[in-house]
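Per-entry structural report
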Amino acid sequence: MSFLDEIKEIETNRNDRENIVIDEILNYFKDKLYDDKFKDNLKNNYIKRAINDSKDYCELKVEFWEYHSGCSSTYIYVGGCGKFELKKDSCDSFDSYYDYKGIRLYDIHKRICSKLSDLLKTRLAELGLQVVATERDDDKFRFDYYKERIKIKWR
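In this text the structure is predicted, and so the values were computed from the model without any measurement.

The next point concerns the overall build of the chain. The helix and strand tally for the chain stands at three helices and seven strands. Along the chain direction, N to C, the helices and strands of the chain fall in the order α-α-β-β-β-β-β-α-β-β. Once the C-alpha set of the chain is aligned to its principal axes, its extents read approximately 65 × 35 × 30 Å. Evaluated residue by residue, the chain yields a buried proportion of 37% over its 155 residues. Long-range contacts, defined here as pairs at least 24 residues apart, represent 62% of the contacts in the chain between residues at least 6 apart. Of the roughly 9300 Å² of accessible surface on the chain, 46% is carried by carbon and sulfur atoms. If the 30 positive side-chain charges of the chain are averaged to one point and the 31 negative ones to another, these points end up 8 Å apart.

Moving on: the state of the cysteines. Counted under the stated rule, the structure contains zero disulfides. No disulfide involves Cys-81; its sulfur sits 13 Å from the nearest other cysteine sulfur, which is in Cys-113. Exposure remark for Cys-81: the relative accessible area of 12% places this residue in the buried category.

Compared with an ideal rise of 1.5 Å per residue, which puts 31 residues at 45 Å, helix α1 (residues 3-33) spans 45 Å between its outermost C-alpha atoms and is within 8% of the ideal. Every buried residue of α1 is accounted for by Glu-18, Val-21, Ile-22, Ile-25, Leu-26, Phe-29 and Leu-33. Where α1 is buried, its residues meet α2 (36-52), β2 (75-78), β3 (82-85), β4 (99-100), β5 (103-104) and α3 (105-126).

Once that is clear, we can look at the environment of Leu-119. Summarising the element assignment, Leu-119 is placed in helix α3. Sequence separation between Leu-119 and Asn-41 is 78 residues, and the spatial gap between their C-alpha atoms is 17 Å.

Turning our attention to the packing of α2 against α3. Where α2 contacts α3, the axes come no closer than 12 Å and their chain directions differ by 80 degrees. Regarding the angle of α2 to α3, the classification is roughly perpendicular. Mapping the contact onto sequence places Phe-38, Lys-39 and Leu-42 in α2 and Leu-120, Arg-123 and Leu-124 in α3. For the contact of α2 with α3, the residue count by class is four nonpolar, no polar and two charged.

Conventions adopted
- Residues numbered from 1 in each chain as written.
- Predicted model: local features only at pLDDT ≥ 70, side-chain atom pairs only at ≥ 80, totals over all residues.
- Heavy atoms only, no water.
- Helix = DSSP H or I, 4+ residues; strand = E, 2+ residues; numbered from the N terminus.
- Buried < 20%, exposed > 50% of the residue type's maximum accessible area, 1.4 Å probe, protein only.
- Contact = heavy atoms within 4.5 Å.
- Areas by Shrake-Rupley, 256 points an atom, 1.4 Å probe, with all protein chains shown as cover.
- Lys, Arg positive; Asp, Glu negative; His and termini not counted.
- Charge placed at Lys NZ, Arg CZ, Asp CG, Glu CD.
- Disulfide = S-S within 2.5 Å.
- Expected span 1.5 Å × (residues − 1).
- Axes fitted to C-alpha atoms, helices over the stretch in contact; angles between N-to-C directions.
- Parallel < 35°, antiparallel > 145°, perpendicular 65-115°, else oblique.
- Nonpolar A, V, L, I, M, F, W, Y, C, P; charged D, E, K, R; others polar.

Here you go:
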């Protein structure tokens, strides 16, 4: 095997591991999006609250946060579904605050969150809800992490 082939193999191995992590996180949220608990949570904790506040819309978020000393754990959040979180108390090494299965989530968080956003919007449409606006707020905070607000209406 040539030197370049060895490098390509290393690269392919890394890409394969990233894709496994991405697929696992997408499937984690897909299971939640298609569970009745999601519909109940969306109706009772988002839409009902908006209606009680005399609004005809509500907002859901898709976001990523990476652990910093004194702050919450690394997580990916999808409104109505909850978090995929690297729990600090269950981490066996400092790298585990950032890495999942040997992949630092920061390195792939925008790819994951973009796909999760698409998945969420598809599910909302299947439920008959309208996505009327989306806004990315990545650059409005101290860290350049994925943050998207998705405004939905039901009429």
